[in-house]
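What follows is the residue order along each chain.
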Amino acid sequence: MTLLAGVCAGAIAFPAFAQDTAAAEEPVATTDIVVTAQRSSQRLQDVPIAVSAFSSEALDKQQIKNTSDLQLSLPNVTFTKGNFTGSSFTIRGIGDLCVGVTCDSATAIHMNNAPLAGTRLFESEFYDMGQIEVLRGPQGTLYGRNATSGVINFKTQTPKLTSTEASVEAEYGNYNSIKGKMMVNLPLGDVAAIRVAGFYLNRGGYTTNIFDNTKLDDRDMWGGRVSLRVEPDTGTTMDFMVQYFHEKDNRMRIQKQMCDRDPTGVLGCLAGSREFEMTNANTSFVGVLTSKQFFAINGLPTSFALGDLYGVGATNWTSSSSLANYGNTIDPYNWAGATNPADYRTVNTDFTPTYYTREWIAQAGLDQDLGGGLNLSLQGNYQNVVIESQQDYNLSVQNRANYAPALNTLAFFAAGNAGAVFVPYFAPLAAALIPNGPNGTLCTSLPEETGTGVFGGHRLCSTTPQDFDRSNSYTSNWSAEAIISSKWDGKFNILLGGIYSKFHLTENSYYVDAFGIDYFVGVFGSFTSLSTGRPPSYLGTPTFRNNSDDLRVNSQGLFGEAYYDFNDSVKLTLGVRYNHDEKFITARSTLASFITPYTATNAYQSPYAAGFDADPATACSPSGSNVAGAIGSVPGCEAYQIRSVSFSEMTGRAVLNFDLSPDNMVYLSYSRGYKSGGINPPLQPIFTVPETFDPEFVNAFEVGSKNTLMNGKMTFNVTAFYYNYKDLQLSRIVARTSVNDNVSATIYGLEIESVIRPTPELSMNFGASYLHTEVSEDKLLANPRDFGGGRADAVIIKDITNGANCAVAPTTAGNASGTQQFVTLVNGGLGLLGPAGFGAGSGIASTGAFGICNVLAGAIAAPSAGLRGIFATPTGPLPFTVYSAGIASNIKGNKLPGAPDYKFSAGIQYAAPVGEMTLTPRVDFVYTGKSTGNIFNGAINEVPSFSQVNAQLQLDGPNRKWFLRGWIQNLTDNDAITGLYVTDQSSGNYTNVFTLEPRRYGITAGMKF
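Computed from a predicted structure; not experimentally measured. (Residues numbered from 1 in each chain as written. Predicted model: local features only at pLDDT ≥ 70, side-chain atom pairs only at ≥ 80, totals over all residues. Heavy atoms only, no water.)

**Q** Tell me what's going on with the overall build of the chain, and back it up with residues and numbers.
**A** Scanning the chain from terminus to terminus reveals 11 helices and 55 strands. What you see for the chain is a C-alpha radius of gyration of 31 Å, in line with the 30 Å of a compact globule of 1009 residues. For the chain, the spread of C-alpha atoms along the three principal axes comes to 90 × 60 × 55 Å. Relative to its full complement of 1009 residues, the chain shows a buried share of 60%. Residue pairs in contact within the chain that sit at least 24 positions apart in sequence constitute 70% of those at least 6 positions apart. For the chain, the exposed area adds up to about 34,700 Å²; of that, 58% sits on carbon and sulfur atoms. On the chain, the mean spot of the 67 positive side-chain charges and the mean spot of the 86 negative ones are 1 Å from each other. (Helix = DSSP H or I, 4+ residues; strand = E, 2+ residues; numbered from the N terminus. Rg over C-alpha atoms; globule rule 2.2 N^0.38 Å. Buried < 20%, exposed > 50% of the residue type's maximum accessible area, 1.4 Å probe, protein only. Contact = heavy atoms within 4.5 Å. Areas by Shrake-Rupley, 256 points an atom, 1.4 Å probe, with all protein chains shown as cover. Lys, Arg positive; Asp, Glu negative; His and termini not counted. Charge placed at Lys NZ, Arg CZ, Asp CG, Glu CD.)

So, in structure tokens, the structure goes:
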């Protein structure tokens, strides 16, 4: 659309691309800002696209130091970190709702017009930036691999051939923050110049850990860039750039976990509200599989069990249902040392997070005048990224006292006190987990590639039971693009181009490790191998690992636009693009999946892994061999799921713009956006979900007006838009894994931006936006928070064999008592309690119970004579249904996540002369309306509205050769939430929240040479 509210205020005083001349010190009209939104240089006010531009000076004036700051002044734009190592820009309600390695980004990120993939620009600080352009709306013709929500194009400063320049900048702020920036520009003769720039940031942590009184979420990062420009003649420009970024610190991916604790343990966290409480650990994968009830059902000594599903002392397992029978007493997260402090910047964790990333970017470009009004642009881009991150999975401290009886039993068996036959099977387990005895340190598997964890010597030992994760990714990609454009004098001009890119992911894994998992796989593996006559073994892998071992994405696009001027006032733009995308992936998910000898050095090569099937959709072959990285050399099932997909689509746009006067323009546009589909990862346990997800499409209609008023002292721009989305990609959690569906949606909104400069010294900016989003089709999905689908006649089951949930409901709706009676009867035969209510304010209409979903389904399909008599069903199945993936709810009419209904921003500055110096105070305010963090909406998923105030006072020396700036960001210290992530049922349905940075203040000084 237009000038960015506030950006322009800075750009008025310090216009982009004006620094090469002495006139740079004089204010110029806002309409002189130049952008490349249509892949050629144009005045911003002449571009019939909703585009905002930040000059380098505007970034300083607005205190936009990183990408999180960038969102604050942009209409209909939000930004949040994600649950793993990614982040998401949401533009006009469309963000990265698709989660997974085969997902494309809805918002395309470019550097110097070249597309980036998985870039760490989101971690880095801005330095020596020439301009940032934000294009709102589908950019399906000219940019990269398409973008359904928009494009953010970071343009670095280019070397100057005509002057030697240098600058240094130093900053000190609270949290003991130290930051430095530098730049040197050197001409190399008359035809070339080199520019070197870099930054360094080191600061203390934002978050206090009360466990050991340390500070977490610090920063230790640096980056550098070397650019070379060569102009051998007036028609040729060659650019080369290499950039490196490095970070190694204790950055937290997850700011806070919130939970309204479920006293029953069936859900872990209730769906009524977000509270500063801990999930009920009895609901977790570890909680159910190491419980007395599960051990008893499997015929194992309950003295080995780590816990009790119904709480300490709950012995009447077959009594009638009531909430009092459930364990609202003790679990590893329900004790005095497991508090969840009621403050977003205070945590209680016994695991220190680690964060490491590095990124290389190399670019080369050629701009060549071909003569005859034609110009050729060639660009190549290479990127290599490594990211590693670990964090406490539950941001908690567990109570090891709960485990003491079981650990004593393990030591008893390992020492041969229960009989010598047990020693070979339990001594290795005890040596791995409790090397110093049951009262010594507890050892937990490290997340590593052999899959042997603690049993292979890869362990972390501490006085408290540990649970933590690891998220990593190693990627590389390159692209090459060519564009021919014309600048003919007539009515007709063209732009033709093509791009080819290759993306290669060599490793992407998400691991979860826990002492309880190690204990379970060891005890069950030992008893299983003992009973089957196998060597002493555990269940491999002791780590949950969702692994994408190899992903290759090849993409190519051919695009072109034609421009026709009917006259001096009316112009038509027609564009078309052909896209072809190919994706190939090798992936698998493992956790306690196969018997593995304690002596194994690689769990995936276990001789007993032939039955493991990473690809259930493909039949196992008793005489065949494992494929694609076979586990061992024995016949069996697929060791990996291997899938490939390809998509070919045509997109384009049409724009008609009218110049009502030299200062007033109106435009109408239609564009069709496209984002390729992908492949859902393998699940464990197996649930019925789509194997692939379709491409998404958007038909976008836009009308806008750009106006320069008051003899250039004011700009006023407005845009209205309407989107019709088909097959919008949407993520949800199933079986500890993000899977993606498609849904249609409707979006419309309005954006207004204005900059007023009544005098050369005074600048004011205003911006506002309205946004409406909704799912426009009937779409039935199960809400992970409420598997009962809001039905009072349903019983939500926590499956004690895998930690997942299912639901049981009558075939004819309304028979709540019948469902509860049925579950109570079946559970009684397993030594389990019947259903109980979740209590007032839970947000759950159904009742819940621990159980075994397959047993319940079997009892319905083939009931006993007693059950037939009770439910008067002489033949056929009983009148109940087990919903393995939950009872679906219709999400039609629901709002899309990350789409605030309103945004408003305003800024004001006054450059007061003080002799030969200038003193400039500035204040900026932004208000972001409420939104939802989850497609299922509801109060528990609401992201509240928030506001932020920034202020600064800058003193510039004569000719702006030096400056001194005092600044404060987030004046009110607002811990505003920017996004949510709801975890899996086997983890307890807790909510991870992501927030803005806290109040920061400091002083910055800089000099130019």
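**Q** Can you tell me about helix H9 (residues 816-828), naming the residues and giving the values?
**A** Along its 13 residues, H9 runs 18 Å from first to last C-alpha, staying within 8% of the 18 Å computed at 1.5 Å per residue. Among all positions in H9, only Gly818, Thr819, Phe822, Val823, Val826 and Asn827 are buried. Taken end-on, H9 shows its buried residues confined to a sector of 160 degrees, consistent with a single buried face. Buried positions along H9 lie against strand E40 (795-799), strand E41 (805-810), strand E43 (847-851), helix H10 (853-861), helix H11 (865-870) and strand E44 (880-883). (Expected span 1.5 Å × (residues − 1). Arc of directions from axis to C-beta.)

**Q** Outline the nonpolar core, supporting the account with residue identities and numerical values.
**A** In terms of nonpolar packing, the biggest core is built from 70 residues, with Phe304, Phe426 and Tyr519 touching the most fellow members. Sorting elements by how many residues they give to this core places helix H8 (residues 515-532) first, with 8 residues. Excluding residues that lie within four positions of it along the chain, tyrosine 519 makes contacts with Thr290, Phe304, Leu306, Ala406, Leu407, Leu410 and Leu433. Among the nonpolar cores identified, the runner-up in size contains 22 residues, and Phe89, Ile109, Val134 and Phe154 belong to it. (Core = buried A, V, L, I, M, F, W, Y, C linked by side-chain atoms within 4.5 Å.)

**Q** Can you break down the packing of helix H6 (residues 404-414) against helix H7 (residues 423-433) residue by residue, with the values?
**A** Interaxial distance between H6 and H7 falls to 8 Å at its minimum, and their mutual angle equals 130 degrees. In terms of orientation, H6 lies oblique with respect to H7. Taken as a pair, H6 and H7 cross one another with a handedness that is left-handed. Here Leu410, Phe413 and Ala414 of H6 lie close against H7, whose contacting residues are Val423, Phe426, Ala427, Leu429 and Ala430. (Axes fitted to C-alpha atoms, helices over the stretch in contact; angles between N-to-C directions. Parallel < 35°, antiparallel > 145°, perpendicular 65-115°, else oblique. Left-handed = near helix turned anticlockwise from the far one by under 90°.)

**Q** Outline the packing of aromatic side chains, listing residues and values.
**A** On inspection of all chains with the given rule, the structure shows 42 aromatic pairs. Arranged with centres 4.5 Å apart and planes meeting at 50 degrees, the rings of tyrosine 244 and tryptophan 360 form a pair that is tilted. Of the two residues, tyrosine 244 is situated in strand E16 (residues 236-249) and tryptophan 360 in strand E19 (residues 354-371); the sequence distance between them amounts to 116 residues. Here the aromatic cluster, defined as three or more aromatic residues joined through ring pairs, consists of Phe304, Phe412, Phe413, Phe422, Phe426 and Phe527. If you follow arginine 251 out to its NZ or CZ, it ends over the ring of tyrosine 355, 5.2 Å from the centre. (Phe/Tyr/Trp six-rings, centres within 6.5 Å; stacked < 30°, edge-to-face > 60°. Lys NZ or Arg CZ within 6 Å of the ring centre and 35° of its normal.)

**Q** So what's going on with the sheet that holds strand E53 (residues 977-982)? Which residues, and what values?
**A** Taken in spatial order, the 3 strands make up an open sheet running E17-E54-E53, and their pairing is antiparallel. Either end of the sheet is taken by a strand with one partner, and the two such strands are strand E17 (256-258) and E53. Within the sheet, the average angular offset between the axes of one strand and its neighbour, ignoring direction, is 30 degrees. Pairing geometry for E53 and strand E54 (residues 991-995), over 5 bridges, is antiparallel. Within E54, the residue paired with tyrosine 981 across the bridge is asparagine 992. (Pairing = 2+ DSSP bridges.)

**Q** How would you sum up the environment of arginine 203? Please name residues and give values.
**A** Take arginine 203: it is sitting in strand E12 (residues 192-203). Between the alpha carbons of arginine 203 and tyrosine 175 there is a distance of 6.0 Å; along the sequence they are 28 residues apart. What arginine 203 contacts, discounting residues up to four positions off in sequence, is Tyr175, Asn176, Ser177, Asp217, Asp218, Arg219 and Glu997. There is a polar contact of 2.9 Å between the side chain of arginine 203 and the backbone oxygen of aspartate 217. (Polar contact = N/O pair within 3.5 Å; in protein donor to acceptor, adjacent residues only side chain to side chain.)

**Q** How would you summarise the environment of glutamine 605 if you had to cite specific residues and measurements?
**A** Along the chain, glutamine 605 falls in the loop between strand E28 (594-597) and strand E29 (621-625). Judged by its relative accessible area of 54%, glutamine 605 falls in the exposed class. Once the C-alpha coordinates of glutamine 605 and glutamate 649 are considered, the two residues, 44 residues apart in sequence, prove to be 42 Å apart.

**Q** How would you summarise H7 if you had to cite specific residues and measurements?
**A** Of the positions making up H7, those classed as buried are Tyr425, Phe426, Leu429, Ala430, Ala432 and Leu433. Considered in projection along H7, the buried side chains sweep an arc of 165 degrees and stay on one side of the axis. Of the surrounding elements, those touching the buried residues of H7 are H6, strand E21 (442-445), strand E22 (459-462) and H8.

**Q** Residue-level account of the confidence of the model for the chain, with values.
**A** If pLDDT is low for a region, its predicted coordinates should not be looked at in detail. When the pLDDT values of the chain are averaged, the result is 88; 91% of them are 70 or greater. Below pLDDT 50 for its whole length, residues 313-322 participates in 23 contacts with residues either more than four positions away or in separate chains. (pLDDT = per-residue confidence, 0-100.)

**Q** I'd like a rundown of the state of the cysteines, residues and numbers included.
**A** Considering all chains together, one arrives at 3 disulfides under this definition. Between the sulfur atoms of cysteine 806 and its disulfide mate cysteine 853 the distance is 2.1 Å. The chirality of the disulfide connecting cysteine 806 with cysteine 853 is left-handed, given an S-S dihedral of about -100 degrees. With a gap of 47 residues between them, cysteine 806 in strand E41 and cysteine 853 in helix H10 connect regions that are remote in the sequence. (Disulfide = S-S within 2.5 Å.)

**Q** If you had to explain the sheet that holds strand E3 (residues 50-55) to someone new, which residues and values would you point to?
**A** Read from one edge of the open sheet, 5 strands run E3-E8-E9-E6-E7, paired in mixed fashion. Every interior strand has two partners, whereas the edge strands, E3 and strand E7 (114-115), have only one. In this sheet, strand E9 (residues 150-156) lies alongside strand E8 (residues 129-136) in antiparallel orientation, the contact comprising 7 bridges. Paired with glutamine 131 across the bridge in E9 is lysine 155.

**Q** How would you sum up the side chain of aspartate 924? Please name residues and give values.
**A** Residue placement: aspartate 924 occurs in strand E48 (residues 917-928). In this structure the side chain of aspartate 924 is engaged in a polar contact, spanning 2.7 Å, whose partner is the side chain of arginine 922. Leaving out residues up to four positions away in the same chain, aspartate 924 has contacts with Lys61, Gln62, Asn765, Ala906, Gly907, Gln948, Val949 and Asn950.

**Q** Now, about the pairing of E54: what can you tell me, with residues and values included?
**A** With 5 of its 5 residues buried, E54 lies for the most part within the structure. In E54, alternate side chains face the same way, and those of Thr991, Val993 and Thr995 on one face and Asn992 and Phe994 on the other are all buried. Sheet analysis places E17 next to E54, joined by 3 bridges and oriented antiparallel. Residue methionine 258 lies in a different strand from E54, and its bridge partner there is threonine 991.

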